[in-house]
Amino acid sequence: MAIKINTPITTDEGFVVDNAFGYLNIYILTPNSNWVNLNYYKSEEDFVVGKSPLNINTIPSQVQTELTNAEFWGTSLAMTITNKCVDAIEAITGAGTVEIITG
């Protein structure tokens with residue numbers, strides 16, 4: 001899954017990016033060992049063509065998902081994990097600033 005951050009984000013180099021694209025690398029080893037590494041790009045196109053991710057230390061680059069057994073074995077695992085990432089980012093960027101991209 002992927003996300004779009006609908007608020008300006010400043011990179012570590014001082015550049016402002018509007019509508020940053022975030023790609024979620026989900027790692028699930030066991031119900032108690034799982035996390036997501038997040039990479040951010042200027043746009044979805046930059047991700048698709050293989051450009052390097054942005055350096056942004058002000059928002060999470062890794063989220064520990066801390067899944068319950070019910071979440072782990074449930075039917076909406078990918079959405080549950082994505083929502084946990086959205087919550088972690090919005091804790092910094094503000095409510096309603098992250099959009100989930102499903103298509």
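## Let's talk about the packing of aromatic side chains
- Applying the stated rule across the entire model yields five aromatic pairs.
- Centroid distance Tyr41 to Phe47: 5.3 Å. Interplanar angle 65 degrees. Geometry classified as edge-to-face.
- An angle of 85 degrees between the planes, with centres 4.8 Å apart, marks the rings of Phe72 and Trp73 as edge-to-face.
- You can call Phe72 buried: its relative accessible area is 14%.
- In this structure Trp73 comes out as exposed when scored by relative accessible area, which is 66%.

## Brief notes about the sheet that holds strand β7 (residues 98–101)
- Taking strand neighbours across the sheet as the criterion, the five strands line up as β6-β5-β4-β1-β7 in an open arrangement whose pairing is antiparallel. Where the open sheet ends on each side, the last strands, each with one partner, are β6 (62–64) and β7. Strand-to-strand twist in this sheet, taken as the mean axis angle between neighbours without regard to direction, amounts to 25 degrees.
- Pairing geometry for strand β5 (residues 33–41) and β6, over three bridges, is antiparallel. Each bridged residue has a counterpart across the sheet, and for Asn37 the counterpart in β6 is Gln62.

## Brief notes about the pairing of β5
- Bridge analysis of strand β4 (residues 20–30) against β5 gives nine bridges, and the strand direction is antiparallel. By the bridge assignment for β5, Leu24 is matched with Leu38.
- Between β4 and β5, which pair antiparallel one after the other, the connecting turn spans two residues.

## Observations regarding unusual backbone geometry
- The phi angle at Asn19 is positive, at roughly 55 degrees, despite the residue not being glycine.
- Residue Asn19 is classed as partly exposed on the basis of its relative accessible area, which comes to 39%.
- Its identity as a non-glycine residue notwithstanding, Glu66 has a phi of 45 degrees, on the positive side.
- Secondary-structure assignment places Glu66 in the loop between β6 and α2 (69–73).

## Quick look at the environment of Asp87
- Looking at where Asp87 falls in the secondary structure, it is placed in helix α3 (residues 77–93).
- The spatial distance from the C-alpha of Asp87 to the C-alpha of Val98 is 8.7 Å, given a sequence separation of 11 residues.

## Topic: the side chain of Thr11
- You can see Thr11 is positioned in the loop between β2 (9–10) and β3 (16–17).
- Using a relative accessible area of 6% as the deciding quantity, one classes Thr11 as buried.
- Aside from chain neighbours lying at most four places away, what touches Thr11 is Val17, Leu54, Asn55 and Ile56.

## Quick look at the confidence of the model for the protein chain
- When pLDDT is averaged along the protein chain, the result is 94; 100% of the residues meet or exceed 70.
- For the protein chain, α2 is the element with the lowest average pLDDT, namely 89, and β3 is the one with the highest, namely 97.

Parameters at a glance
Residues numbered from 1 in each chain as written. Predicted model: local features only at pLDDT ≥ 70, side-chain atom pairs only at ≥ 80, totals over all residues. Heavy atoms only, no water. Phe/Tyr/Trp six-rings, centres within 6.5 Å; stacked < 30°, edge-to-face > 60°. Buried < 20%, exposed > 50% of the residue type's maximum accessible area, 1.4 Å probe, protein only. Pairing = 2+ DSSP bridges. Helix = DSSP H or I, 4+ residues; strand = E, 2+ residues; numbered from the N terminus. Axes fitted to C-alpha atoms, helices over the stretch in contact; angles between N-to-C directions. Contact = heavy atoms within 4.5 Å. pLDDT = per-residue confidence, 0-100.

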